[in-house]
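# Coordinates in review
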Amino acid sequence: MGEEGMTSDVQQKAAKTSPKLTVLPLIALIFYEVSGGPFGVEDSVKAGGGPLLSLLGFLIFPLIWSIPEALITAELATSFPENGGYVIWISSAFGPFWGFQEGFWKWLSGVLDNALYPVLFLDYLKHSLPIFNLLIARIPALLGITGALTYLNYRGLHIVGFSAVSLLVFSLCPFVVMGILSIPHIKPRRWLVVDFKKVDWRGYFNSMFWNLNYWDKASTLAGEVENPSKTFPKALLGAVVLVVSSYLIPLLAGTGGLTSPSSEWNDGYFAEVGMLIGGFWLKWWIQAASAMSNLGLFEAEMSGDAFQLLGMSEMGMLPAIFASRSKYGTPTLSILCSATGIIFLSWMSFQEIREFLNFLYAIGMLLEFAAFIKLRIKKPDLHRPYKVPLQTFGVTMLCLLPAVLLVLVMCLASLRTFIVSGGVIIVGFFLYPVLVHGKDRKWTQFDIEQPTSPSDTHQESHSAASEMYPGVDEASVSLL
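A brief structural summary. The numbers attached to residues start from 1 for each chain and follow its sequence in the written order. Local features in this predicted model are restricted to residues whose pLDDT is 70 or higher, and side-chain atom pairs enter the listing and the counts only when it is 80 or higher, whereas totals over whole chains, interfaces and linings include all residues. Values reported for side chains reflect all heavy atoms of the structure, with hydrogen atoms and water molecules removed beforehand.

### Structural notes on the overall build of the protein
This is how it is decided: Only DSSP runs of H or I reaching four residues or more are called helices, and only runs of E reaching two or more are called strands; each is numbered from the N terminus. Only protein chains enter the accessibility calculation, which uses a 1.4 Å probe. A residue is then buried if its area is under 20% of the maximum for its type, exposed if over 50%, and partly exposed in between.
When helices and strands are tallied, the protein shows 19 helices and zero strands. For the protein, the residues scored as buried account for 56% of the 480 residues in total.

What follows is the structure, encoded as structure tokens:
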């Protein structure tokens, strides 16, 4: 018991003393959770039958999707500044069953998304090092990259945050240079080209949605943010501007400065654009930036997934071991679970992952919009350090267009995606009662270890939580 208490004290001390995220590292993490740069947006030109729909998409979609999602995230993340993010929001609005489903869907979609990045990293390297085309070299490299990046996550979130800042600067600099060099060659009429006969609407909407989602992911790190009521709104605003700019500047430069047909705009085409505009040196720079960007995407995604599991454990939804922290303040088992999932799921193709992710993500976001509106109605006195400046009717209208977009993306999914996603939903429905039964039967420890005077501490924690969240009912205080 003495050793257990000592271990618990060390973990609590690590959680309290580990450096918190400030505005700049949080902007970088949000940027990599949402975007990572223009790598992958080339498909939008091909699917859109030319530059016009792609450019309009990255101008309009942020207004009807990214900004509303960022505003909702800012309000709810500052109202519930705890690890777990959207799991806490849904649980507070609809109860722990739906909170668990949201967490299960979002964690799985995050792990699937993250399985992509080590593979893409090797795909960029193999153009210079053909040996990575061979499985005998590719598999050890894949395991080595995943292991190294997992260790970086283990060492601390502040290290991940500042690593993301460095990667962000390195990844975006070649596109700033490309934009400047393209100015003498730009002809605005090229931006207006579109061939509606070649438009692939499923591919177009999936590309737009995938490149502009995951604004809510940073909420799972809310407990690791310094002064979240001020830091989150600033970071989200900065990230929105940065993401949209990182898409539009390269697209305007590439489509306005060159006469390339839309059929050539596939993944990785920006490297060719760089060569045509600036030469081989710019092509190599963009390829290196692409590889580094994949590392930043991996780090940001894994951090969000791991701290989401930690938050669910702190809420009693998962065994207490998921909330155990290393001496660096990071959730060790949660990181290992995410890394294991990444290794086993990396065999799927890019297109399969993107469509599957979009479907699961869309279901979760519809639930988040519903929770946002219900909390406005059910708990009008909830302490909201940042509040979207609209009344109930206004926030309902704010959610309407994004909800229509979500339904559209789901309707465009293939039959295979419907079947697989349905299977995931069924698994989640059965998994929750199994965990509840295990908790009741004490198969393993679920609740975080309490101090020696549980009644007194319980009263103090309720009092503190009530002061932090005035207007919240007692059940929600217990949940938090």
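### Notes on the nonpolar core
Here is the rule we go by: Take the buried residues of types Ala, Val, Leu, Ile, Met, Phe, Trp, Tyr and Cys, join any two whose side-chain atoms come within 4.5 Å, and each joined set is a nonpolar core. Pairs of residues are marked as contacts when any of their non-hydrogen atoms sit within 4.5 Å.
Ile30, Trp65, Met178, Trp215 and Phe270 are the most contacted members of the largest nonpolar core, which has 135 residues in total. Ranked by the residues each element gives to this core, the list is headed by helix 15 (residues 350–378), at 15 residues. Residues in contact with Met178, not counting those within four places in the same chain, are Pro250, Ala253, Phe270, Val273, Gly274, Ile277, Leu282 and Ile286.

### Points about the side chain of Ser182
Formally: Pairs of N or O atoms within 3.5 Å make up the polar contacts considered here, provided that, within protein, one atom can donate a hydrogen while the other can accept it, and that residues adjacent in sequence are counted only when both atoms are side-chain atoms.
Note on placement: Ser182 falls in helix 9 (residues 157–182). Residue Ser182 is classed as buried on the basis of its relative accessible area, which comes to 1%. Reaching out from Ser182, the side chain makes a polar contact with the backbone oxygen of Gly179 at a distance of 2.8 Å. Look past the residues within four positions of Ser182 in its chain and what remains in contact with it is Ala253 and Ile277.

### As for the pattern of salt bridges
Pairs may arise between side chains of opposite charge once their charged atoms sit close together. Formally: Salt-bridge detection follows one rule: a side-chain nitrogen of Lys or Arg within 4 Å of a carboxyl oxygen of Asp or Glu.
Enumeration according to the criterion identifies six salt bridges in this entry. The shortest N-O distance in the salt bridge between Lys106 and Glu102 comes to 3.6 Å. Note that Lys106 and Glu102 are positioned in helix 6 (residues 96–114) at a spacing of four residues, about one turn of the helix. Grouping residues by exposure puts Lys106 and Glu102 together as buried.

### Structural notes on empty space enclosed by the protein
Our working rule: With a 1 Å grid spanning the protein atoms alone, the term cavity applies to any set of points in which a 1.4 Å probe fits but cannot get out, the term pocket to an open set with protein on both sides within 12 Å along at least five of seven lines, and the term lining residue to any residue with an atom within 4 Å of a point. Grid points are joined across faces, edges and corners, and a volume is the space filled by probe spheres set on the points. Classification convention: Asp, Glu, Lys, Arg as charged; Ala, Val, Leu, Ile, Met, Phe, Trp, Tyr, Cys, Pro as nonpolar; all other residues, Gly among them, as polar.
Going through the model one piece at a time under the given rule, you end up with two cavities of 30 Å³ or more. Lining of the largest cavity is provided by Glu33, Val34, Ser35, Asp113, Tyr117, Trp210, Asn211, Asn213, Tyr214, Tyr247 and Leu297. Taken together, the elements giving at least two residues each to the lining of the largest cavity come down to helix 2 (23–34) and helix 10 (201–211). Classifying every residue of the lining of the largest cavity gives six nonpolar, three polar and two charged.

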